[in-house]
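Spelled out, the chains give:
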Amino acid sequence: MAANTNLLATLGDLEKEPFVCLLSKLIGESKHVQNNPPELIPEEDRVVKHVLDSLLPFSTTTGGGPLLLNHVAYLPGRGNLIVEYPGTVPGKILSFVGCHMDVVTANPDDWDFDPFTLSVDGDKLRGRGTTDCLGHVALVTQLMRKLGETKPKLKSTVVAVFIANEENSAITGVGVDALVKHGLLNKLKEGPLFWIDTADKQPCVGTGGMIPWKLNATGKLFHSGLAHKAICKGNGDTIGSNKVFIWQNFGFRHFAIDNTAINALELAMDALKEIQSRFYRDFPPHPQEQVYGYATPSTMKPTQWSYPGGGINQIPGECTISGDVRLTPFYNVKDVMKKLQEYVDDINENIEKLETRGPVSKYVLPDENIRGSLTLTFNEASSGVACDLNSRGFHVLCKATEEVVGHVKPYSITGTLPLIRELQDEGFDVQTSGYGLMATYHAKNEYCLFTDMSQGYRVFARIISQLED
């Protein structure tokens, strides 16, 4: 216990001036590490340079300290950095991973301040990346620098991994996926891995999977004022390509149309309603969601509409609804995708049974041998994570959080952190936390609080201390 107390005293608190100084340099690079290919491809080595400048004086590279530095790049300018403080007991290890050096985009015209320059407003540290995730890069850098500077004798090896390419998966083989593939993180499986890329200072014990989907509905294009079907005999004129029979009766013109429309918009809406009903029947709230504190169960919802265009007086013959499934990790992503496809196949086979809208709305035209149809496609899906609530890593994180923050309340969200599921599947004991603000995550006017980051530093120190026992 005395040794642990001495270690906490040695590591001390987060020093504001060097932390803010480093963070200012990192935010100054945020314009160049926006990740939105093909227009914006980040240059993470611009961030690596500042981290190395801070750590090199205490590294074996310069002879100034014990830190082992490994700069690994799989594409030019897009490096990762592995930092290791060696312990004395082989196989005893803990790691802080997930601090990524890319950011989401920011439009300066939408912000109240320059997103690409750090500004300080009392306790607020403002700029793109302060919460997600350059603030964590600066925070963990300061922790590793303090270890290298003070050289405490530890049983555990402490490793920090700063990664490239977290914010976008259009380009792969660049960040943590490549590090795992090449075996550079294998030894981290021997101890808890703390993924530092969430928010609000509490353990995040569960995330959601995501299945992006597109539902295309095909009907028949036609005039919106002639959405009925009638038959009579007589000489005909034409409206467009549709034959119309006209006769005079008490001064009125009567139209008889020999074809009509299938409204693709109505078909898509009615089909989606049926698909959603079946989804919620087959994937209801799972009992484990309460254990993990999920705010919502699995959901399926539309988020975008599109159609080829046309006049206000045209019934569209085609449209696409896009959306996503957010899936708690207690259901299998592939099982859900299979079920969704089965729903669509069944609706297509029985399209005449699908609920319609009004007396002339229909999805089958028997006289013309035309049926409305649906096509379902998926983009790349990812699985959610349920952290191991029985692991040593989880328990030390909870205890450290309670000691520093004053309370501990693990939570779960159906937001996605796809990279950590791959780590968990590879055998890593992944626990997650973060010290930015969920309210400013990916938002305009992003900021974090220095006091929150300072508490994060103290949580890390206590994690190291506890794991020495």
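Just so you know, these numbers come straight off a predicted model, no measurement behind them. (Residues numbered from 1 in each chain as written. Predicted model: local features only at pLDDT ≥ 70, side-chain atom pairs only at ≥ 80, totals over all residues. Heavy atoms only, no water.)

Draft legend 1. Representation of the pairing of strand β3 (residues 93–100) in the model. In terms of burial, β3 is a largely internal element, 8 of the 8 residues being buried. Of the strand pairs in this sheet, β3 and strand β6 (residues 157–163) are connected by 7 bridges, and their pairing is parallel. Bridging across to β6, phenylalanine 96 finds its partner in alanine 160. Sheet topology places β3 next to strand β7 (residues 192–196); 3 bridges connect them, and they run parallel. Its bridge partner lying in β7, phenylalanine 96 is registered against phenylalanine 194. (Buried < 20%, exposed > 50% of the residue type's maximum accessible area, 1.4 Å probe, protein only. Helix = DSSP H or I, 4+ residues; strand = E, 2+ residues; numbered from the N terminus. Pairing = 2+ DSSP bridges.)

Draft legend 2. Summary view of the pattern of salt bridges. Using the criterion set out here, one finds 19 salt bridges in the structure. Between lysine 146 and glutamate 15 there is a salt bridge whose closest N-O contact spans 3.0 Å. Of this pair, lysine 146 sits in helix α4 (residues 134–150) while glutamate 15 sits in the loop between α1 (2–11) and α2 (16–27), and the two are 131 residues apart along the sequence. Looking at lysine 146, the relative accessible area reads 15%, which means it is buried. Its relative accessible area of 42% is what places glutamate 15 among the partly exposed residues. A salt bridge links arginine 46 to glutamate 29; the shortest N-O distance between them is 2.7 Å. Here glutamate 29 lies in the loop between α2 and α3 (45–55) and arginine 46 lies in helix α3, a separation of 17 residues in the sequence. (Salt bridge = Lys/Arg side-chain N within 4 Å of Asp/Glu carboxyl O.)

Draft legend 3. How the structure looks around the sheet that holds strand β5 (residues 124–126). Taken in spatial order, the 3 strands line up as β4-β5-β22 in an open sheet, and their pairing is antiparallel. Taken across any chain shown, the strands that pair with only one partner, and hence form the sheet edges, are β4 (119–121) and β22 (447–449). When strand polarity is set aside, the average angle formed by the axes of neighbouring strands in this sheet is 25°. With 3 bridges joining them, β5 and β22 adopt antiparallel strand pairing. Bridge pairing in β22 links leucine 125 to cysteine 448. Along the sheet, helix α11 (residues 450–466) contacts β5 and β22; its crossing angle with β22, the most-contacted strand, is approximately 60°. (Axes fitted to C-alpha atoms, helices over the stretch in contact; angles between N-to-C directions. Contact = heavy atoms within 4.5 Å.)

Draft legend 4. Region of the structure containing unusual backbone geometry. At the junction of proline 37 and proline 38, the peptide bond is cis and its omega measures out at 0° in the coordinates. Inspection of the secondary structure puts proline 38 in the loop between α2 and α3. Backbone geometry at aspartate 200 places phi at a positive 70°, although glycine is not the residue there. For aspartate 200, the position within the fold is in the loop between β7 and β8 (204–206). Taking relative accessible area as the criterion, aspartate 200 reaches 37% and is therefore assigned partly exposed. Positive phi values are uncommon outside glycine, yet asparagine 369 reaches one of about 55°. Relative to the helices and strands, asparagine 369 is located in the loop between β17 (364–365) and β18 (370–371).

Draft legend 5. Region of interest: the sheet that holds strand β9 (residues 209–218). Reading across the sheet, the 4 strands line up as β14-β16-β9-β19 and stay open at both edges, with antiparallel pairing between neighbours. Edge positions in the open sheet fall to β14 (299–306) and β19 (373–378), since each of these has one partner strand only. Shown here is a sheet whose adjacent strand axes are inclined to one another by a mean of 25°, direction ignored. Bridging between β9 and strand β16 (residues 318–327) involves 10 bridges; their strand directions are antiparallel. Pairing of proline 212 across the sheet is with aspartate 324, part of β16. The strands touched by helix α6 (residues 264–282) are β9, β14, β16 and β19; relative to β14, the strand with the most contacts, the crossing angle is about 165°.

Draft legend 6. Inspection of a negative patch on the surface at higher detail. On the surface, Asp177, Glu380, Glu422 and Glu426 cluster together into a negatively charged patch. Its place among the elements puts glutamate 422 in helix α10 (residues 418–425). Residue class for glutamate 422 comes out partly exposed when judged on its relative accessible area of 44%. (Patch = residues over 30% accessible without salt bridge, like charges linked within 9 Å, V, L, I, M, F, W, Y side chains within 5 Å. Areas by Shrake-Rupley, 256 points an atom, 1.4 Å probe, with all protein chains shown as cover. Lys, Arg positive; Asp, Glu negative; His and termini not counted. Charge placed at Lys NZ, Arg CZ, Asp CG, Glu CD.)

Draft legend 7. Spatial organisation of α4. For α4, which comprises 17 residues, the first-to-last C-alpha distance of 24 Å matches the rise-based estimate of 24 Å (1.5 Å per residue) to within 8%. Summarising burial for α4: 14 of the 17 residues are buried, a large majority. Looking one or two residues past α4, lysine 151 carries a phi angle of roughly 50°, positive in sign. (Expected span 1.5 Å × (residues − 1).)

Draft legend 8. Geometry of the packing of aromatic side chains. For the structure on display, the rule yields 10 aromatic pairs. With a centroid separation of 5.2 Å and an interplanar angle of 80°, the aromatic rings of phenylalanine 279 and tyrosine 280 are classed as edge-to-face. By relative accessible area, which is 0% here, phenylalanine 279 ends up buried. Overall, tyrosine 280 belongs to the partly exposed group, its relative accessible area being 37%. Among the aromatic side chains, those forming a connected cluster through ring pairs are Phe96, Phe194, Tyr435 and Phe460. Over the ring of phenylalanine 450 we find lysine 16; its NZ or CZ atom is 5.3 Å from the centre of that ring. It is lysine 124 that lies over the ring of tyrosine 447; its NZ or CZ is 4.6 Å from the centre. (Phe/Tyr/Trp six-rings, centres within 6.5 Å; stacked < 30°, edge-to-face > 60°. Lys NZ or Arg CZ within 6 Å of the ring centre and 35° of its normal.)

Draft legend 9. Up close: the confidence of the model for the protein chain. Taken as a whole, the protein chain shows an average pLDDT of 91; of its residues, 92% reach a score of 70 or greater. A low-confidence stretch, residues 229–259 (pLDDT under 50), is modelled with 50 contacts involving residues beyond four sequence positions or located in other chains. (pLDDT = per-residue confidence, 0-100.)

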